[in-house]
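Residue-level structure breakdown
Read off the chains here:
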Amino acid sequence: MPEGHSVHRIAGQFRRAFVGQTAQLSSPQGRFGDAALLSGARILDAYAVGKHLFMPFDNGATLHVHLGMYGAWDFAGSVVLDDTAASARGRMGQTNQRGTVVGAHEDSLASIGAPRRTRLRMGEDTRSSEDVSGDIDTSPTFPPEPIGQVRCRILTSNAVADLRGPTTCEVLDDAGVARVRANLGPDPLVDTDGGERFARNLAKTRVAIGQALMDQKVVAGIGNVYRAEILFRARINPYRAANDLDATMVGALWADWVALLRIGVDTGQMLTMDGLLGDDYARALANRADRHWVYHRAGLPCRVCGTPIVMDVVATRKMYFCPTCQGVA
Ligand SMILES: [Zn+2]
């Protein structure tokens, strides 16, 4: 499942290529009839809160999308590939992107007069995204035909976004947006009072911190990778009760999530190991196995102490930790 950084990057893609434009919305697959409520309106903004994407239109309605496990956006037309997408060439782990790369940086693209045709995909499930190769679409026709089960197509005069397989795709009024957001914990990139809210939310719950971090009402945007890595970095046992952590620990957890999320948004990858230089940094960018302390390392030696990393299934999700470095529950 895409974690918060992916959805912020998707929102950024919409801000660069779609916001300010009048859009035609449709549901090629037919399951999103409410697309007509937005069609012909102008897109005012695109922003993420945790794993939720919101796009307000100038007719007072807002598109709300949650990708869930299998959802993905495909962008085509004169969309801008940033240099992280260009360098990855379609192997970006959790956030997969692919495209016809015509320039390594946004600036070089912006200086090109004629729109360049490109396609990229963002936010699909890891397993399938890492299987793709060799099917970069270089078709010059615009807009491209929808491929597969497209729930929602957003088309402007020069860019198109196709949404496939989301858990949620709906039109909300302002009260509906407020309802969704009231059920979401703080997101560091949205909420200036996020640290205090995070502390209050943890103080209210006795569930294990490893579970609390996955609860989107406690903190929005953390998924399985960030959960495991943040707790290892803080050397906190995932079974420790959330309300047992002192203010210093809670403050440090929040500060670390703020920092990791920024790195994720900037690089498109959940880089959770510090101090990587040169070849080590390049390896971490290229290969998920070289990028994490404990996530997906069950049975492998802890990078710090050598103890085999433990994987427990908690609330149907795999939870990784080092029983030595994170020893005290
Ligand atoms: Zn260890």
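Residues numbered from 1 in each chain as written. Predicted model: local features only at pLDDT ≥ 70, side-chain atom pairs only at ≥ 80, totals over all residues. Heavy atoms only, no water.

1. Digging into the coordination of the zinc ion
- Coordination of the zinc ion by the protein comes from Cys302 (SG), Cys305 (SG), Cys322 (SG) and Cys325 (SG), over a distance range of 2.3 to 2.4 Å.
- Around the zinc ion, the four donor atoms are arranged such that angles at the metal cover 99 to 115 degrees; this shape is classified as tetrahedral.
- Positions of the donor residues of the zinc ion along the chain correspond to the pattern C-x2-C-x16-C-x2-C.
- A relative accessible area of 0% means that Cys322 is categorised as buried. (Donors = N, O, S within 2.8 Å, 3.2 Å for Na, K, Ca; no water. Tetrahedral: all angles 85-135°; square planar, octahedral: opposite > 155°, others 65-115°. Buried < 20%, exposed > 50% of the residue type's maximum accessible area, 1.4 Å probe, protein only.)

2. What about the state of the cysteines?
- Scanning the model with the defined rule gives zero disulfides in all.
- Counting only cysteine sulfurs, Cys152 is the nearest neighbor of Cys169, a cysteine outside any disulfide, at a range of 4.7 Å. (Disulfide = S-S within 2.5 Å.)

3. Section: the packing of helix H6 (residues 194-203) against helix H9 (residues 247-267)
- Put simply, H6 and H9 touch, their axes get as near as 10 Å, and they point 130 degrees apart. The orientation of H6 relative to H9 falls into the category oblique. The handedness of the crossing between H6 and H9 comes out as right-handed. Residues Gly194, Gly195, Phe198, Ala199 and Leu202 of H6 lie in contact with H9, whose contacting residues are Val250, Leu253 and Trp254. (Axes fitted to C-alpha atoms, helices over the stretch in contact; angles between N-to-C directions. Helix = DSSP H or I, 4+ residues; strand = E, 2+ residues; numbered from the N terminus. Parallel < 35°, antiparallel > 145°, perpendicular 65-115°, else oblique. Left-handed = near helix turned anticlockwise from the far one by under 90°. Contact = heavy atoms within 4.5 Å.)

4. Re the nonpolar core
- Within the largest apolar cluster, 37 residues are counted, with the highest numbers of intra-cluster contacts made by Phe198, Leu202, Ile209, Val219, Leu253 and Trp257.
- Where this core is concerned, the elements lending two or more residues are H6, helix H7 (209-212), helix H8 (224-233) and H9.
- Residue contributions to this core peak at seven residues, all from H9.
- Once residues within four sequence positions are removed from consideration, Leu253 is found in contact with Phe198, Ile209, Ile230, Leu231, Ala234, Ile236 and Leu245.
- Residues Val7, Ala46, Leu53 and Leu120 belong to the second largest nonpolar core, which totals 34 residues. (Core = buried A, V, L, I, M, F, W, Y, C linked by side-chain atoms within 4.5 Å.)

5. Side note on the packing of aromatic side chains
- The tally for this structure, following the rule as stated, stands at 11 aromatic pairs.
- Consider the rings of Phe14 and Trp73, whose centres lie 4.9 Å apart with planes at 80 degrees: the pair is edge-to-face. Residue Phe14 is located in helix H1 (residues 4-17), and its partner Trp73 is located in strand E5 (residues 72-77); the two are separated by 59 residues in the primary sequence. An identical accessibility class is assigned to Phe14 and Trp73; each is buried.
- Note on Trp73 and Phe75: the rings are 6.3 Å apart at their centroids and 25 degrees apart in plane angle, and the pair reads as stacked.
- Of the aromatic side chains, those joined through ring pairs into one cluster are Phe14, Phe18, Trp73 and Phe75.
- Looking at Arg235, its charged tip hangs above the ring of Phe232, at a distance of 4.3 Å from the centre. (Phe/Tyr/Trp six-rings, centres within 6.5 Å; stacked < 30°, edge-to-face > 60°. Lys NZ or Arg CZ within 6 Å of the ring centre and 35° of its normal.)

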